[in-house]
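Summary of the model geometry
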Amino acid sequence: MIKISPSMLSADASRLGEGLEMLERCGADWAHIDVMDGVFVPNITIGQHVVKHLRPVSDIPFDVHLMIVNPIKHVPDFLDAGSDMITLHVETTEGVEDALQMIKDGGAKAGLSLNPGTPLQEILPYLDILDLVLVMSVQPGFGGQKFQEHCLDKISELSGIAQVRKIDLEISVDGGVNRETGRRSAEAGATVLAAGSSLFGAQDMAEEIKLWKGFATKVD
Ligand code: DX5
Ligand code: ZN
């Protein structure tokens, strides 16, 4: 069954703990936490300090998405803060492989993300050490953007490669995911839907998550 990872970026930032409790109560599988540094992306969001303070609020796995340069410098802090999965971007200039290994050595799951304009080939050399690939379907930096359709082809190609190579890989899609684009991503091979505005903006988040969990997936 598809996993749902609501993005805390769309929660009320003055009450993040309550937002976390709510998504857990509504049946989310993971909590997606967007970390932006104002350098890799134009925006600045939250850092390890906030992640650490959110950790005791809930047992839900923390799916931490690092949109930062030089991730290797910060991985130890995010491990220490209680991250269950840490995803960095392949476009970051240095140390991708070392940072992924550091995440695994620290006992968390390692993920790699790619921007909409980055070819899938860029992440393939790392496939054997990855637990998760996060396919960005918007240019990272802001919530509430429109899903870029061509990313469905990337999901489908990656899912095919993982099946052929018998790799146990989560394929997450992030950006502009709603009922329609989420259903189509699941059919293309996504195993995780990360979504902010369409879940936190839903009239009833629990009903919305229930509906999304009913999407047919390529891997079922
Ligand atoms: C975008 C972030 C996303 C964002 C998704 O840079 O990585 O996780 O919160 O928000 P929506 O679902 O509103 O596009
Ligand atoms: Zn994200």
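Computed from a prediction, not measured in an experiment: that's the story for all the values here. (Residues numbered from 1 in each chain as written. Chains lettered and ligands numbered in written order. Predicted model: local features only at pLDDT ≥ 70, side-chain atom pairs only at ≥ 80, totals over all residues. Heavy atoms only, no water.)

1. Remarks on the pairing of strand β7 (residues 170-174)
Within β7, 5 of the 5 residues are buried, which leaves the element mostly enclosed by the surrounding structure. With burial as the criterion, each face of β7 is covered, one bearing E170, S172 and D174 and the other bearing I171 and V173. Here 5 bridges tie strand β6 (residues 132-136) to β7, and the two strands are oriented parallel to one another. From the neighbouring strand, V133 faces β7, where its bridge partner is I171. Alignment of β7 against strand β8 (residues 192-195), held across 3 bridges, turns out to be parallel. (Buried < 20%, exposed > 50% of the residue type's maximum accessible area, 1.4 Å probe, protein only. Helix = DSSP H or I, 4+ residues; strand = E, 2+ residues; numbered from the N terminus. Pairing = 2+ DSSP bridges.)

2. Here we look at the packing of helix α3 (residues 71-80) against helix α4 (residues 96-105)
Two packed helices can be described by the angle between their axes and the distance between those axes. Look at α3 against α4: their axes get within 9 Å of each other, and the N-to-C directions meet at 15°. Considering the angle they form, α3 stands roughly parallel to α4. The two elements α3 and α4 meet at a crossing, and its hand is right-handed. Note on element contacts: α4 touches α3 through D98, A99, M102 and I103, opposite I72, V75, P76 and L79. Grouping the amino acids of the contact of α3 with α4 by side-chain chemistry returns 7 nonpolar, no polar and 1 charged. (Axes fitted to C-alpha atoms, helices over the stretch in contact; angles between N-to-C directions. Parallel < 35°, antiparallel > 145°, perpendicular 65-115°, else oblique. Left-handed = near helix turned anticlockwise from the far one by under 90°. Contact = heavy atoms within 4.5 Å. Nonpolar A, V, L, I, M, F, W, Y, C, P; charged D, E, K, R; others polar.)

3. Considerations on the pattern of salt bridges
Scanning the model with the defined rule gives 12 salt bridges in all. One salt bridge in this structure joins K52 and D80, with 2.9 Å as the shortest N-O distance. Taken together, the positions of K52 in helix α2 (residues 48-54) and D80 in helix α3 put the pair 28 residues apart, joining distant regions of the chain. Note on D80: relative accessible area 54%, which makes it exposed. (Salt bridge = Lys/Arg side-chain N within 4 Å of Asp/Glu carboxyl O.)

4. Observations concerning the coordination of the zinc ion (ligand 2)
Surrounding the zinc ion (ligand 2) are the protein donor atoms H32 (NE2), D34 (OD), H65 (ND1) and D174 (OD), which sit 2.0 to 2.3 Å from the metal. Coordination at the zinc ion (ligand 2) is octahedral: its 6 donor atoms span angles of 71 to 170° at the metal. If you list the donors of the zinc ion (ligand 2) from N- to C-terminus, the spacing comes out as H-x1-D-x30-H-x108-D. Taken together, the positions of D34 in strand β2 (residues 31-36) and D174 in strand β7 put the pair 140 residues apart, joining distant regions of the chain. Residue D174 is classed as buried on the basis of its relative accessible area, which comes to 8%. (Donors = N, O, S within 2.8 Å, 3.2 Å for Na, K, Ca; no water. Tetrahedral: all angles 85-135°; square planar, octahedral: opposite > 155°, others 65-115°.)

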